[in-house]
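Residue-level structure breakdown
Below, each chain spelled out in residue letters.
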Amino acid sequence: MPIVTLVGERVAKKGNEFIYLGPSPECKNCKLKTVCFNLKRFRRYRIVGIRNKRHSCNQHDGGVRVVEVEELPIVSSLEGKIKEGSKTKVKIIDCKRLDCENYDICHNPAVEENRDYKISKIIGEMNCKIGKKLMKVELSEI
């Protein structure tokens, strides 16, 4: 079921994806903040519908648009034996290789270390620059 929220007019295109970074302190007195702040911090969303309603906004040049979004799965890396459908805790990989194509997956800010997740899908093996045997997975919150 889609979630209704507000995004900047320039971003409001069906199919666009974005990461919600959390509430802005400048918005604390805005009457529409509850609609903007109804997403989960650091999670990725895809715009699936655009409504005709627009609002002015101090933070977005051109104002904001009412949109429908869907929350996308959390993509992360896991080390060791894993099984689709099983419960797991994610251990953040100790890696400083910013030049690695997988760095953002291994250090996804949406993933909380030592929290329980369900492995909803195994995407495949990852090429690790520090030699770890990693699998790219989709996780869902439990």
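Residues numbered from 1 in each chain as written. Predicted model: local features only at pLDDT ≥ 70, side-chain atom pairs only at ≥ 80, totals over all residues. Heavy atoms only, no water.

**Here we look at the environment of Ile74**
- Note on placement: Ile74 falls in strand E5 (residues 74-79).
- A relative accessible area of 2% means that Ile74 is categorised as buried.
- Placed 30 residues apart in sequence, Ile74 and Arg44 show a C-alpha to C-alpha distance of 7.7 Å.
- Once residues within four sequence positions are removed from consideration, Ile74 is found in contact with Arg43, Asn108, Ala110, Val111, Tyr117, Val137, Glu138, Leu139 and Glu141. (Helix = DSSP H or I, 4+ residues; strand = E, 2+ residues; numbered from the N terminus. Buried < 20%, exposed > 50% of the residue type's maximum accessible area, 1.4 Å probe, protein only. Contact = heavy atoms within 4.5 Å.)

**Side note on the pairing of strand E3 (residues 44-55)**
- Bridge count for strand E2 (residues 17-19) against E3 is three bridges, and the pairing is antiparallel. Counterpart to Ile19 in the pairing with E3 is Arg44.
- Strand direction decides the pairing type here: E3 and strand E4 (residues 64-71), joined by seven bridges, are antiparallel. Each bridged residue has a counterpart across the sheet, and for Ile47 the counterpart in E4 is Val69. (Pairing = 2+ DSSP bridges.)

**Considerations on the pattern of salt bridges**
- One pass over the full model with this rule turns up 19 salt bridges.
- When the shortest N-O distance is used, the salt bridge between Arg44 and Glu17 registers 3.6 Å. With Arg44 in strand E3 and Glu17 in strand E2, the pair connects residues that are 27 residues apart, well separated along the chain.
- The partly exposed category is assigned to Arg44, whose relative accessible area is 36%.
- Note that Lys40 and Glu141 form a salt bridge whose closest N and O atoms lie 3.0 Å from each other. Placement of the pair is Lys40 in the loop between helix H1 (33-36) and E3 and Glu141 in strand E8 (residues 134-141), with a sequence separation of 101 residues. (Salt bridge = Lys/Arg side-chain N within 4 Å of Asp/Glu carboxyl O.)

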